[in-house]
Amino acid sequence: MLYLSKRIAFQGSQQSYVGGKPSVPPGTKLPACKLCGQAQTFMFQVAFSSGMDWSGKTLSCFACMKCADERFLIPEMLDNHSQGCNIPAGFLASYDRNFAFLVFSTSDAKMIKDYDEEVAFFALETESDSTHGDFGKIGGIPSWLLEDESPATYDSTTPMVFLLELMPCIEFTKVEGARPQMELDIFGNPSLSPLGYYQLFLGNMTYLFGTLGSDSLVAIAQDWRTPEEYFRIFL
C-alpha cells in the first residue's frame, strides 16, 4: 500500500501526477464527452509500481467539465450493488459517458506537449510510512466511508481487485483562463461554478477496482456529506 500526496513541482518526467499535460501512448485518441461532444479535461494519472496489482500499467483519468447532467454526476451504479457483487459484462459498455479512464503500459507513455492544460500541475509522491495521503492511496484495503461495496467479479468469471482510492474534496486547481466547471444550481439548472477549481464526481470519496488480466475498471463513489451538511451547502 502506498499513500499519494500532491507536491508543488514543474512537470518533467513524473509518471504519477495531477493536471498539466497527459502522458499517453503515441496515437491515443483523447476522450470526448458522450453527452455534449466536447473534449474531456485531463484530471490525473497514476502509475502502478512493481509488486502491485496492475504493475507496469498507468491509469489516466479524464472527465467533462463542460456539461452537467443530474443523471451522471457520479459513476453509474448497479441497482443491487453490494459487497461481493458481480459486474455484468454489458454494464461497462456505456459506463463512461462523461468521464474516461485510459489504461496503458507505463513504458509506452509520452507527454502530449501541445495539450492545452486546464488543471494546474502537481506531482504525486508516494509514501509507505504515512498515515494518509492528501490525494489518496494505491492498494491495501479500501477505507469505506459507508458500507463495503467491493465487487468480486466481472462477467462472473474475472476477479476484481482494489486499485486506488481518492480522498474526498480534492480540489483540481484551474489554470488561469480555463473555463469554469459546469455544475447544477439549487434549481437543477446547469450553471458555471464560481470556484477556482474543478471537482471530480462531486468531490466524493472514490474507489477504483480493476480486473486481473485485463483493463476493465469500475469506479464507486461514496458521499462524505451528511444531510445536515447538504442543508448548509444549499442554503
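Before reading further, recall that the structure is shown in the block above.
Draft legend 1. Inspection of the overall build of the protein at higher detail. Broken down by element type, the protein carries 1 helix and 18 strands. A compact globule built from 235 residues would reach a C-alpha radius of gyration of about 18 Å, and the protein, at 17 Å, matches this within 12%. With the principal axes as the frame, the protein shows a C-alpha extent of 45 × 45 × 35 Å. Residues counted as buried form 49% of the 235 residues belonging to the protein. Partitioning the contacts of the protein with sequence separation of at least 6, the portion at a separation of at least 24 is 75%. Of the roughly 11700 Å² that the protein leaves accessible, carbon and sulfur atoms contribute 53%. For the protein, the distance from the average site of its 16 positive side-chain charges to the average site of its 28 negative ones is 7 Å.

Draft legend 2. Region of the structure containing the pairing of strand E5 (residues 57–63). For E5, the tally of buried residues reaches 6 of 7 residues, placing the bulk of the element in the interior. Where strand E4 (residues 41–47) and E5 come together, 6 bridges link them in antiparallel fashion. Paired with Thr41 across the bridge in E5 is Ala63. The sheet contact formed by E5 and strand E7 (residues 99–105) spans 7 bridges and is antiparallel. Bridging across to E7, Leu59 finds its partner in Val103.

Draft legend 3. Representation of the environment of Gly140 in the model. Inspection of the secondary structure puts Gly140 in the loop between strand E10 (136–138) and strand E11 (153–154). The class for Gly140 is partly exposed, based on a relative accessible area of 48%. For the pair formed by Gly140 and Tyr3, sequence separation is 137 residues and the distance between their alpha carbons is 9.8 Å.

Draft legend 4. Just the pairing of strand E17 (residues 205–211), in detail. Of all 7 residues making up E17, 7 are buried, and the element is well covered by its neighbours. The side-chain alternation of E17 yields two buried faces, one formed by Met205, Tyr207, Phe209 and Thr211 and the other by Thr206, Leu208 and Gly210. Summarising the sheet, strand E12 (residues 158–166) and E17 pair through 6 bridges and their orientation is antiparallel. What sits directly across from Glu165, in E17, is Tyr207. The pairing of E17 with strand E18 (residues 217–222) spans 6 bridges and is classified as antiparallel. Each residue of the ladder has a partner; that of Gly210, found in E18, is Leu217. In this antiparallel pair of consecutive strands, E17 and E18, the connection spans 5 residues, and Gly213 shows a positive phi of 90°.

Draft legend 5. Representation of the pattern of salt bridges within the structure. By the definition in use, this model includes 8 salt bridges. Linking Lys21 and Glu117 is a salt bridge whose minimum nitrogen-to-oxygen distance equals 2.9 Å. With Lys21 in the loop between strand E2 (17–18) and strand E3 (23–24) and Glu117 in the loop between strand E8 (110–111) and strand E9 (122–127), the pair connects residues that are 96 residues apart, well separated along the chain.

Draft legend 6. Highlighting the nonpolar core. With 50 residues, the main nonpolar core has Met43, Phe44, Phe101, Phe135, Leu164, Phe172 and Leu200 as its most contacted residues. Taken together, the elements giving at least two residues each to this core come down to strand E1 (2–7), E4, E5, E7, E9, E12, E17 and E18. Those residues in contact with Leu164, other than ones at most four positions away along the chain, are Leu4, Phe44, Val46, Lys137, Ile138, Thr206, Tyr207 and Leu208. In terms of nonpolar packing, the next biggest core, distinct from the first, is built from 10 residues, Val24, Phe62, Phe104 and Ala123 among them.

Draft legend 7. Looking closely at the packing of aromatic side chains. Following the criterion strictly, the structure yields 13 aromatic pairs and no others. Geometrically, the ring pair formed by Tyr17 and Phe121 is tilted, given 5.3 Å between the ring centres and 45° between the ring planes. With a gap of 104 residues between them, Tyr17 in strand E2 and Phe121 in the loop between E8 and E9 connect regions that are remote in the sequence. Residue Tyr17 shares its accessibility class with Phe121, and that shared class is buried.

Draft legend 8. Quick look at the side chain of Thr206. One can find Thr206 in strand E17. A relative accessible area of 1% means that Thr206 is categorised as buried. Only 3.2 Å separates the side chain of Thr206 from the backbone oxygen of Asn204, close enough to count as a polar contact.

Cut-off values and rules
- Residues numbered from 1 in each chain as written.
- Predicted model: local features only at pLDDT ≥ 70, side-chain atom pairs only at ≥ 80, totals over all residues.
- Heavy atoms only, no water.
- Helix = DSSP H or I, 4+ residues; strand = E, 2+ residues; numbered from the N terminus.
- Rg over C-alpha atoms; globule rule 2.2 N^0.38 Å.
- Buried < 20%, exposed > 50% of the residue type's maximum accessible area, 1.4 Å probe, protein only.
- Contact = heavy atoms within 4.5 Å.
- Areas by Shrake-Rupley, 256 points an atom, 1.4 Å probe, with all protein chains shown as cover.
- Lys, Arg positive; Asp, Glu negative; His and termini not counted.
- Charge placed at Lys NZ, Arg CZ, Asp CG, Glu CD.
- Pairing = 2+ DSSP bridges.
- Salt bridge = Lys/Arg side-chain N within 4 Å of Asp/Glu carboxyl O.
- Core = buried A, V, L, I, M, F, W, Y, C linked by side-chain atoms within 4.5 Å.
- Phe/Tyr/Trp six-rings, centres within 6.5 Å; stacked < 30°, edge-to-face > 60°.
- Polar contact = N/O pair within 3.5 Å; in protein donor to acceptor, adjacent residues only side chain to side chain.

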